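Remarks on the overall topology
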Amino acid sequence: MNMGYSNTSDRRYYFNCDIDTPDIFLSSSQNICLGSKFKMHSDGGLPLGVSIGDNNTMGTLGFFVRDPQGNIYGVTDAHVIQNIQTVYSPSGVAVFSPQFYGNPAPAVKPVPIGSTYYVTPVVGNIDIDFGLIKINPGITPINYVYGVGVPQFIMPADFLENVIKVGARTGVTIGYVVDRSVTVPIETDTGNEVTFTGTLFFLHTLPGDSGSPIYETGGGIVGTVEGGNGIYCVGNSASAIASILKKMGLKLYFPHNANLSLFTFPVVTLGFMLSTLL
């Protein structure tokens, strides 16, 4: 059926044609094209920015990558999953300790989404804190943030560039780039200290946000959250992320039917892309 009708006037509504912008002052008998056919807006899958971990640990799922064989992996920080074999979403911390999460407990039980596949060492002097979760068959990754699709490419951050972070603990926060490369001491979850080199942001984050994707306003990933103090945070740099993905033969996972409408694509000639759309 390619036509609808009004119950209060003589208007007819058509689909699969050039979309019209309705005007409330138009004649009640005018025909209007609504564009593509309507679809029910239920959805499912594993989106970006959700909480992951187990009953003792909570971090954030940053983005998805895939290998040449088609296996899909979720990216987070190594320190989030280094002591976990089976990774769940949502984290049990969010379910059983909602006061930590800062929100009402999620209505769903933790579901095993995959297993820890790879982590970089989190000791000494490091410039990458990177972990891979091999996603279980039957789990559908979706490049959505709060239900809206986002582009997936990696590009370096610019000084004072505005950024958006999507974290499991503090949700969406906005800030800007303070320095593209700093070296700072950072305390680990076990109370030890490492020296971390990465990008410095003026950006609100809290424990549970580790691994969160940080986007520039064109949708490019400029980093992932490593840690901070609630006001400033440091993150894995775009160049470090791109480098390890290249070494491992991994590319960003991009479902071709994603609705890329949250951000505007940047002009390619103005941005140096470190990875390509698939």
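Anything mentioned here points back to the structure above.
For clarity, every value in this text was computed on a predicted model and none was experimentally measured.

**A short note on helix H4 (residues 238–247)**
When we look at burial in H4, the residues that qualify are Ala 238, Ala 240, Ile 241, Ala 242, Ile 244 and Leu 245. Backbone geometry just after H4 places Gly 249 at a positive phi near 70°.

**Concerning unusual backbone geometry**
With an omega dihedral of -5°, the bond running from Ser 89 to Pro 90 counts as a cis peptide bond. Mapped onto the elements of the fold, Pro 90 is located in the loop between strand E8 (86–89) and helix H2 (92–96). Look at Leu 160: it is not a glycine, yet its phi comes out positive at around 70°. With respect to the secondary-structure elements, Leu 160 resides in the loop between strand E13 (148–149) and strand E14 (162–167).

**A short note on the pattern of salt bridges**
Following the criterion strictly, the structure yields one salt bridge and no others. With a shortest N-O distance of 3.7 Å, Asp 209 and Lys 165 are connected by a salt bridge. Of this pair, Asp 209 sits in the loop between strand E16 (193–202) and strand E17 (213–216) while Lys 165 sits in strand E14, and the two are 44 residues apart along the sequence. As far as the burial class goes, Asp 209 and Lys 165 line up, both buried.

Cut-offs used in this document
Every residue gets a number counted from 1 within its own chain, in the order that chain's sequence is written. With pLDDT at 70 or above as the cut-off, local features in this predicted model cover only qualifying residues; side-chain atom pairs require 80 or more to be listed or tallied, and sums for whole chains, interfaces and linings still use all residues. Side-chain figures throughout are based on the complete set of non-hydrogen atoms in the structure, without hydrogens or water. The classification of residues rests on relative accessible area computed with a 1.4 Å probe and restricted to protein chains. Under 20% of the type maximum is buried, over 50% is exposed, and intermediate values are partly exposed. Labels follow the DSSP assignment, with helices taken as runs of H or I lasting at least four residues and strands as runs of E lasting at least two, numbered in each case from the N terminus. We define a salt bridge as a contact between a side-chain nitrogen of Lys or Arg and a carboxyl oxygen of Asp or Glu at a distance within 4 Å.

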